[in-house]
Amino acid sequence: MLVSSALLVLCACALVIGVSSSPGDRSKYFRSCTAECFTSNNCPKRIPRYRSLLFTGDGIDITRIPYEVPNFLKFFVDQMKWDCHSECRHSCMVDYSKWLEDNNRPVTKFFGKWPFRRISLWGYGIQELLSSLFSLLNGVPHFLYLVFWRDYYAPKGYFMRPWLVFYSVVCVNRYELLL
Amino acid sequence: MNYCCECIHGPVLAFSIRSTAQHTTYSFFTIPAPYNHYHNRTIAQSQPHHSWIWSTIFHARDVKISEACDYFFATSQVLYSVWVALFRLFRGRFFILFPTGGFFLLFYGHYIWSMTNVLFDYGYHMKINLTAGIVHLLVWVLWIFWGDGHEKQRRYRWKCLQFLGLLMLAALCEVFDFPPYFGLLDAHATWHGLTIFLVPLWYYFWCEDAKYEVTLNVNKESRKKID
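Residues numbered from 1 in each chain as written. Chains lettered and ligands numbered in written order. Predicted model: local features only at pLDDT ≥ 70, side-chain atom pairs only at ≥ 80, totals over all residues.

1. What to know about the overall build of chain A
Link 1 in the chain: Each helix and strand in chain A was counted, giving eight helices and two strands.
Link 2 in the chain: From first element to last, N terminus to C terminus, chain A shows the α and β order α-α-α-α-α-β-β-α-α-α.
Link 3 in the chain: By residue count, 25% of the 179 residues in chain A fall in the buried class. (Helix = DSSP H or I, 4+ residues; strand = E, 2+ residues; numbered from the N terminus. Buried ≥ 20, exposed ≤ 12 C-beta atoms within 10 Å, placed from the backbone.)

Now the structure itself:
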């Protein structure tokens, strides 16, 4: 409960973040490639957001308006989806990396990230497959110790008991959120 | 208070997974209708089913939210580790540790605020985490040499340093940020892959410590009773 509320607060904060830049995305090729791709594919100007229920205007009974139940999982999954802009950026990144490799130039980062191979799983393009897999596996021992072996590393009568249990909760929260 | 710190690894995972799967699949048929609460349970169980997806999602795409949550929760873990180490060093003396806890909370709040509203700076994040890691190591070294009386009796006391040393070696991957091999295995992935095998070491240390401390308390109490 506490963990999930903390997550929501953090994510709300995270909506105001700027974008970091790297030599890859600062390059002339990448910038012109993405601009051309955006215009030729008619990428939308604004990212659609969920409709706010707070500011619906005067004299309107908001209970009469049919609305979608705010589903945070759906919201996050929508954020994770590949849209027009991200597809353009990815294809330009692949082209530019390939060009660098062919000309024996060193690999560069794009937006603070290395150019990863995109792997399709259940219809979603996944970057950093191994990082996500290893994160999941990192959380497993913490979860096991928290649930099954708590009385061994933090037995009753040990003055660190509550703080160590909370340590496991913090770790599980880091790797497997919302447990 | 006798228990074996080495004996706790067992086939618990397989058992638990099997039992939940069986319960969710067969409960509808085996439990009679007025008692099974089938429809209630489907609603209640939807939350845990989602939870397993999250960590996969968080590295799957490099969008802002996922990246921010990854960084913020990593820092929360590191700062809390330092606090726990200090708590252990001072044997849980609250008059020292509530102020330090307050300081850490304020610092964490400032970190989140500056990362979200000023600049989302990977270098700043990295500096904070490395500094906190080094402080963590120093606190444990202090505990080993000038801990709380009878250090010589604690034969297990080097185990925390063993874990921390290996962790520092793994963290070298993060410092020398190398590009991905085959477009898959980069420095960050290697770091995550290596830390999986270090987690049990850390809990093993805590288990040994708990064993020692609890037996110490039991002996004290028995001595009081004799007196």
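2. Regarding the overall build of chain B
Link 1 in the chain: The helix and strand tally for chain B stands at nine helices and zero strands.
Link 2 in the chain: For chain B, the succession of helices and strands along the chain, N to C, is α-α-α-α-α-α-α-α-α.
Link 3 in the chain: Across the 227 residues of chain B, 23% fall into the buried class.
Link 4 in the chain: Long-range pairs, those at least 24 residues apart, make up 60% of the contacts in chain B between residues at least 6 apart in sequence. (Contact = placed C-beta atoms within 7 Å.)

3. Regarding the confidence of the model for chain B
Low pLDDT marks stretches whose predicted atomic positions should not be read closely.
Residues and elements named next belong to chain B.
Link 1 in the chain: The share of residues in chain B with pLDDT of 70 or more is 71%, and the mean pLDDT across the chain is 76.
Link 2 in the chain: Low pLDDT, under 50, characterises residues 7-28; the predicted model gives this stretch nine contacts beyond four residues in sequence or across chains.
Link 3 in the chain: The low-confidence segment residues 36-55 (pLDDT under 50) makes 21 contacts with residues lying over four places distant or belonging to another chain. (pLDDT = per-residue confidence, 0-100.)

4. Points about the nonpolar core
One recurring pattern in soluble globular proteins: nonpolar side chains tend to sit buried together.
Link 1 in the chain: Y153 of chain A together with V82, Y203 and W206 of chain B are the most contacted members of the largest nonpolar core, which totals 34 residues.
Link 2 in the chain: Those elements that provide at least two residues to this core are helix 6 (129-147) and helix 8 (161-175) of chain A together with helix 4 (64-89), helix 6 (122-146), helix 7 (159-175) and helix 9 (199-226) of chain B.
Link 3 in the chain: When sequence neighbours within four positions are dropped, the list of residues in contact with Y203 of chain B reads Y145 and Y153 of chain A.
Link 4 in the chain: I65, A68, Y71 and F73 of chain B belong to the second largest nonpolar core, which has six residues in total. (Core = buried A, V, L, I, M, F, W, Y, C linked by C-beta atoms within 7 Å.)

5. Focus on helix 8 of chain A
Link 1 in the chain: Helix length check: helix 8 of chain A, at 15 residues, gives a terminal C-alpha distance of 22 Å against a target of 21 Å (1.5 Å per residue), a fit within 8%.
Link 2 in the chain: What helix 8 of chain A keeps buried is the set L164, Y167, S168, C171, V172, N173, R174 and Y175 of chain A. (Expected span 1.5 Å × (residues − 1).)

6. Section: helix 8 (residues 187-195) of chain B
Link 1 in the chain: Here helix 8 of chain B has its buried residues at H188, A189, T190, H192 and T195 of chain B.
Link 2 in the chain: The secondary structure elements touched by the buried residues of helix 8 of chain B are helix 6 of chain A together with helix 7 and helix 9 of chain B.

7. Brief notes about the environment of D102 of chain A
Residue and element names in this part refer to chain A.
Link 1 in the chain: Tracing the backbone through its elements, the reader meets D102 in helix 5 (residues 84-102).
Link 2 in the chain: You can call D102 exposed: it has 8 C-beta atoms within 10 Å.
Link 3 in the chain: Measuring from C-alpha to C-alpha, the distance between D102 and K113 comes to 20 Å, with eleven residues separating the pair along the chain.

8. Section: the environment of G139 of chain A
Link 1 in the chain: Of note, G139 of chain A is situated in helix 6.
Link 2 in the chain: Placed 95 residues apart in sequence, G139 of chain A and P44 of chain A show a C-alpha to C-alpha distance of 38 Å.

9. Considerations on the environment of G112 of chain A
Residues and elements named next belong to chain A.
Link 1 in the chain: Looking at the element boundaries, G112 is found in the loop between helix 5 and strand 1 (119-121).
Link 2 in the chain: For G112, a count of 17 C-beta atoms within 10 Å corresponds to the partly exposed category.
Link 3 in the chain: Sequence-wise, G112 and S21 are 91 residues apart; in three dimensions their C-alpha atoms are separated by 6.2 Å.

10. Brief notes about the packing of helix 6 of chain A against helix 8 of chain A
All names here are of chain A.
Link 1 in the chain: Helix 8 packs onto helix 6 with a crossing angle of 155° between their chain directions and a minimal axis gap of 8 Å. Comparing their axes, helix 8 and helix 6 come out roughly antiparallel. Once helix 6 is placed against helix 8, the crossing between them reads as left-handed. Facing helix 6, whose interface residues are S135, L136, N138, G139, H142, F143, Y145 and L146, helix 8 presents V165, S168, V169, C171, V172 and Y175.
Link 2 in the chain: Looking at the contact of helix 6 with helix 8 residue by residue, the classes come out as nine nonpolar, five polar and no charged. (Axes fitted to C-alpha atoms, helices over the stretch in contact; angles between N-to-C directions. Parallel < 35°, antiparallel > 145°, perpendicular 65-115°, else oblique. Left-handed = near helix turned anticlockwise from the far one by under 90°. Nonpolar A, V, L, I, M, F, W, Y, C, P; charged D, E, K, R; others polar.)

11. A word on unusual backbone geometry
All names here are of chain A.
Link 1 in the chain: Positioned with a positive phi, N104 is a non-glycine residue whose angle comes to about 55°.
Link 2 in the chain: Looking at N104, the number of C-beta atoms within 10 Å reads 6, which means it is exposed.
Link 3 in the chain: Phi is positive for F111, close to 50°, though the residue is something other than glycine.
Link 4 in the chain: On the secondary structure map, F111 appears in the loop between helix 5 and strand 1.

12. With respect to the packing of helix 4 of chain B against helix 5 (residues 94-118) of chain B
Residues and elements named next belong to chain B.
Link 1 in the chain: Look at helix 4 against helix 5: their axes get within 11 Å of each other, and the N-to-C directions meet at 165°. With respect to each other, helix 4 and helix 5 are oriented roughly antiparallel. At the point where helix 4 passes helix 5, the crossing takes the right-handed sense. The segment helix 4 lies against helix 5, with F72, T75, S76, L79, W83, L86 and F87 engaging L97, T100, G101, F104, Y108, Y111 and I112.
Link 2 in the chain: Of the residues belonging to the contact of helix 4 with helix 5, the class tally is ten nonpolar, four polar and no charged.

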